[in-house]
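Listed here are the chains, written in short residue letters.
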Amino acid sequence: MSEVPPPGRGHGLLRRMVPRGREEEHRASTPLELFFDLCFVVAVAQAGRQLVHALADGHPGQGIPGYLMVFFAIWWAWMNFSWFASAYDTDDVVYRLVTLLQIAGVLILAAGVPRAFDASDFSLVWFGYLVMRLALVSQWLRAARAARGAERRTALRYAAGVSLCQVGWLGLLLLPAGVRPWVFVVMAVAEMAVPVLAERGAPTAWHPEHIAERFGLFTIIVLGETVAAATTAVQSAADAQEEVGELLPIAAGGLLLIFAAFWIYFAVPIHLHLASNRQAFVWGYGHYLVFSSAAAIGAGIEVAVEQSVGKAHVSTFAASAAVTVPGALFMFSVWLVHSRHYKRGTAQQLVLPTAAVAVLACTFAGGAAVLAAGLVGAATVAAGVTLIARQERREQRPESVRDTPGV
């Protein structure tokens, strides 16, 4: 017998957009959501590529702020869709068409990333955002039409807040270049304030397990893009010269660091922590650091490879820092917003902060910095697995044995 879809959900032309239940069983990402995520790979790759060019040319002062601004736009657009879909995914024809329109906006945004980096021209990025925002606002208005009372007011506040913020981003186009960083800061804060203010009366019905899965999948996508970027860099360098011995430590270290990042992130079942909006907002907003640092690791590996073969106009120390700084930031941010909620005891809590400091210290290891950072990542995973195994063995012992001194 085929499964009956929940009310308001199915493949009809237009269904009433009612909230999905937080207690709904077997709530998983849909093929449309996975396709949406994969299209974001293009934008993430563009941001990473521009960061590589800026760092390799010795312009971190221009590249890093530009990367942070562009990545915020990418991350926030993904956040807007993911949380809405978790609460109101009807999966009817109209919903699918509107989501495809949002994907088109993502691709327009990605096409505008090089111009934003090279000439501080955000016009194409803004237009891509406009396309996505028109689609998103129409979804919120559709949700408001189907709702009553506090739920309706929440949807309308979302629609109004998103619209006002889109107008505010015009400051990046109309105001002088000198004040644009301040425009970005103000508008970023305004954007993140919209969900907090909109959901005061009636929180939307996002699903904890679904949201945890969505963030996990995007982490995999970002790490996958990091692997692809690093592989391309090593391949290009190997094709340009016969001697590849000096590339192997960078490739091995980079791969170990990425593998460790994957292991560290998925070591805890975070959905149990997402019990309220307050916890979920802090956790979700903190992922800006998690995602941006994970993507920057791949860019750093590319810089390290280019520096090792003489293509990058930076020192060994700067090339090493391009890997170790985002690597350390990833470990610390994952601990801060994600892992620490399930760590027990001082030893477990100190593993990731200590590892972050150790990865940062690898910057001073010269040409072996990337390999050293990778080894630290592997040691971090080993330490975490060992401590958890000891804890599990201790909990499985009889209480009388557990309480015996020296055991």
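Residues numbered from 1 in each chain as written. Predicted model: local features only at pLDDT ≥ 70, side-chain atom pairs only at ≥ 80, totals over all residues. Heavy atoms only, no water.

*Asks:* How do you make sense of the packing of aromatic side chains when you look at a structure like this?
*Replies:* The geometry of an aromatic ring pair is captured by the separation of the ring centres together with the interplanar angle, meaning the angle of the planes. A complete count under the given rule lists 30 aromatic pairs for this structure. Aromatic side chains Phe40 and Phe218 sit 6.3 Å apart centroid to centroid with 80° between the ring planes, which places their arrangement in the edge-to-face category. With Phe40 in helix α1 (residues 31-56) and Phe218 in helix α8 (residues 208-240), the pair connects residues that are 178 residues apart, well separated along the chain. For the pair Phe72 and Phe184, a centre-to-centre distance of 5.6 Å together with 85° between the ring planes defines the contact as edge-to-face. Pair noted here: Phe72 is in helix α2 (residues 60-88) and Phe184 is in helix α7 (residues 180-198), with a separation of 112 residues, a long-range link. Judged by relative accessible area, Phe72 falls into the buried class, the value being 5%. (Phe/Tyr/Trp six-rings, centres within 6.5 Å; stacked < 30°, edge-to-face > 60°. Helix = DSSP H or I, 4+ residues; strand = E, 2+ residues; numbered from the N terminus. Buried < 20%, exposed > 50% of the residue type's maximum accessible area, 1.4 Å probe, protein only.)

*Asks:* What's the story with the side chain of Asp91 in this structure? I'm lost.
*Replies:* Locating Asp91 in the fold gives a position in the loop between α2 and α3 (93-119). Note on Asp91: relative accessible area 6%, which makes it buried. A polar contact of 2.9 Å, which involves the side chain of Asp91, links it to the side chain of Arg96. (Polar contact = N/O pair within 3.5 Å; in protein donor to acceptor, adjacent residues only side chain to side chain.)

*Asks:* Just checking my understanding: could you explain empty space enclosed by the protein for this structure?
*Replies:* Taking a probe equal in size to a water molecule and rolling it over the atoms shows the remaining empty space. This structure, assessed with the given rule, holds four cavities of 30 Å³ or more. A volume near 240 Å³ is recorded for the largest cavity. The set of elements that each furnish at least two residues to the lining of the largest cavity consists of α2, α4 (123-146), α5 (149-168), α7 and α10 (277-308). Looking at the lining of the largest cavity, the element that brings in the most residues is α2, giving five residues. (1 Å grid on protein atoms, 1.4 Å probe; cavity = no way out; pocket = protein on both sides within 12 Å on 5 of 7 lines; lining within 4 Å. Points joined across faces, edges and corners; volume = space filled by probe spheres on them.)

Interpretation in functional terms is not warranted from these geometric data alone.
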